[in-house]
Amino acid sequence: MGENISFLGPLPGTTNTIRGVTSTAWGQLSDGGEIWGLSPTDGASATINVLRSDHQIAPEGVLFYVTLAGFSDNTPVSRSVYDVSYHKYLYFWDFGEGYTFVAPAQVIALDAVDGGKRSNSRYMQGPLGAHVFRTPGSHLVRLAVIDPVSGDVAIASTTIVVSDPDSAYAGTDTIFLDSTGIYANDSGGWDRHSTLTSAFTALKDATNPKRIVAERGQVHTINSQLNFRPPSGASAVSFRIEALDVAGDKPEIHGTWVPADAGLLRDGTFQNGFSGNSGMVLQNLKITGTWDTTTETYGASQTGTYGLSGVEGGDNKATSWVIDQVDFDGLYRGIDNLEINDPWNGKLAHYNDVSITNWRDYALWNGGHGNTALIGSRLSQHVDAIHGGDKDGAHNNHSCYRCPNDVRSIVWGTDTMSNTGWFPESSGATGVRGAQPSYRWGTSLQQPGAQLNMGANVMEGAGGAIVTAAKNEDTDSHLVNAVIQGNYCMIGSQGKQVVNITHGGQTIRDNMCIYPDTDYNISGNPGLNGGSNGGPNCIVAVDNDRNSRATAACIAAPIDIYNNTVVNLSSATFGGIYDTSAPHSIEFTTVNIANNLVHEPLKASPNVPYDPMAASEPFTSPKYKGYRLDASTLFAEHGTPADAFKLWSPAVGSPARDGATGTLVSATSFGGGYDEADLHTTGRDVGATQS
């Protein structure tokens, strides 16, 4: 069958050679990099498709997707079918503009250890790409697509031209906000305002695109919603607020009231009958409320069971959103993008280098912009947040990110970390039921073939890392095209599995999955599953609690699980790669499992070939505040200390990374070696799993 392969996982520094060209796993694809020197295969081609805003002014969020021809498997005409090329091939993006993300602390820490480029905005991997262009000018975007079995290659490029905001909003089209009334940094001819309310009124009443530029280091306190509703006769509009481009603290917009359910800033662009070009941009701001997760109290009188979100939009929102370098703190939801039904080429949202903490419900609810990218961000609950309670408006309830109904979704280079959840206090559960995963996708999915590219993230959730599943038993599960690769996932004290699924058509590869040393069955505190809070069970499980309705196409679509590493630091035995307990609510026809590694160093009889991994404190005494062995109040501590994820993971060069061997042909993947043809032919485990 060929040479044995080493498990590569998301380990930068590992090299592979295709057609005589050597490249580095999860490393940079820089100017002049060898990959761009590959000669395209005759007849193989890739077309870069572009989705961008109406105004095309920096910061400009652009989402890219690909159409392939001339390969053994090409992009199907219908978007509603399983796309083999989406899952099988390797996609490398170079967006031509690079900056280092500031928000995702854990992602940055991993890069510092292993030389990765996860925190460099210029590079991305996977069948969907996205970038926020901060610099005006012309940017060359390049794509390399490689078939890892045949070595066939396609190289494509496109040019993105981004306009200068200072030119686009010259003179009085810039509304300058300076609460001192001095306006020392007015560059000349700007429309001056000393209060946010006055400046916002000028913005929303404009009949042509304008922007607010806010002086640095100032706090603007408001006690009612700012609702962007331009006049119906406007030619084009721009809901745009940004910080002055100088050094200093970000300007803060602080809401002091607690409504029944409303956003501090609301996008109602099309609410009054407006029908022209539109867009929302928020950049270099701080948006805050009064919710305190450590005491579960508001700093103001509460009028309902929900509360104040930072930014809100619904059916009438602008065609595109860019939220770049914005910090959210103390809110019901940081971003509340309400659910609508968008077509494949519908509305567009980019959340870039965003930080959200201290939320009460979700950090980010992305109900539906159609096409969404969460890039280089940090959705990290307050480290001392109380675990949660009833859904009565008085407790912390949910987790980081929920994306119910997008048709194209990207999550890349982002920290999503929380140990909060909800539980009915009447059940006798006194503070230890973490019902929430870190990330939920496709909970109300209506578009068969919806696409997800999730990679290079650091994730932690009390109820597991990832759920790609329908919400309820009355919600259909569909065929999707989802690739989940190269993520670091830590499973909290109520977690049983890393990924919980009901949608068919998912590829789960090259992930590092860590179960801390904690008690997963805390006595007297019933969890979600028959009184058992959790425990290290599997990498992938079918969500039996939520869905039994699945389309025929969903059931027939492959589930591929390969090149994942599990580090089980608890004393409980890991159950297996895929939950085979019967009956499942959905019995998928094709489940392919290959080359996964389970490492259990703390068992009485550990996996000797893979022990030890790293002589570091987390492996000898991993008992941080969030992972306690008793039924005392459970707080939301996660990722402690700040570099915990690099400590939890096996050291570079550890056999836990490179020890999995089998009889697959080492065709390459730049982020995990496998032979796609062998995987789909045999669907067998190649012997890497240790028990």
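Each remark here, short or long, concerns the structure printed above.
Residues numbered from 1 in each chain as written. Predicted model: local features only at pLDDT ≥ 70, side-chain atom pairs only at ≥ 80, totals over all residues. Heavy atoms only, no water.

J.: Give a detailed account of unusual backbone geometry, specifying residues and quantitative values.
T.: Trans is the prevailing form of peptide bonds, just as negative phi is the prevailing case for residues other than glycine. A cis amide bond, omega -5 degrees, links A58 with the succeeding residue P59. Within the fold, P59 resides in the loop between strand 3 (45-51) and strand 4 (60-69). Phi is positive for N358, close to 60 degrees, though the residue is something other than glycine. By the secondary structure assignment, N358 is in the loop between strand 25 (355-357) and strand 26 (364-366). Unlike most non-glycine residues, A456 shows phi in positive territory, near 60 degrees. Within the secondary structure, A456 sits in the loop between strand 35 (451-455) and strand 36 (458-461). (Helix = DSSP H or I, 4+ residues; strand = E, 2+ residues; numbered from the N terminus.)

J.: An account of the sheet that holds strand 7 (residues 128-133) is requested, with residue identities and associated values reported.
T.: One open sheet accounts for three strands, arranged 3-4-7; its pairing is antiparallel. Where the open sheet ends on each side, the last strands, each with one partner, are strand 3 and strand 7. When strand polarity is set aside, the average angle formed by the axes of neighbouring strands in this sheet is 25 degrees. The pairing of strand 4 with strand 7 spans six bridges and is antiparallel. Following the sheet pairing, G61 is matched in strand 7 by V132. (Pairing = 2+ DSSP bridges. Axes fitted to C-alpha atoms, helices over the stretch in contact; angles between N-to-C directions.)

J.: For the sheet that holds strand 9 (residues 153-162), give the residues involved together with the corresponding values.
T.: An order of 6-5-8-9 is seen for the four strands of this open sheet, with the pairing classed as antiparallel. Two strands bound the open sheet, and with one partner strand each, they are strand 6 (123-125) and strand 9. Pairs of neighbouring strands in the sheet enclose a mean axial angle of 15 degrees, with direction left out of account. Of the strand pairs in this sheet, strand 8 (residues 137-146) and strand 9 are connected by 10 bridges, and their pairing is antiparallel. Directly across from A144, in strand 9, lies its bridge partner I155.

J.: Go over the packing of aromatic side chains, please, and point to the residues and values.
T.: Tallied over the full model, the rule gives 16 aromatic pairs. Just above the ring of Y99 sits the side chain of R134; from NZ or CZ to the centre is 3.8 Å. (Phe/Tyr/Trp six-rings, centres within 6.5 Å; stacked < 30°, edge-to-face > 60°. Lys NZ or Arg CZ within 6 Å of the ring centre and 35° of its normal.)

J.: Break down the layout of surface pockets for me, citing the residues and quoting the values.
T.: One number sums up the size of the second largest pocket: a volume of about 350 Å³. Lining the second largest pocket are 20 residues, with P165, E242, A243, D245 and Q283 positioned closest to its centre. If you list the elements that add at least two residues to the lining of the second largest pocket, you get helix 3 (165-168), strand 12 (211-214) and strand 15 (239-243). At three residues, the largest contribution of residues to the lining of the second largest pocket is made by strand 15. The residue inventory of the lining of the second largest pocket, partitioned by class, reads nine nonpolar, three polar and eight charged. (1 Å grid on protein atoms, 1.4 Å probe; cavity = no way out; pocket = protein on both sides within 12 Å on 5 of 7 lines; lining within 4 Å. Points joined across faces, edges and corners; volume = space filled by probe spheres on them. Nonpolar A, V, L, I, M, F, W, Y, C, P; charged D, E, K, R; others polar.)

Just geometry here; none of it tells us what the structure is for.
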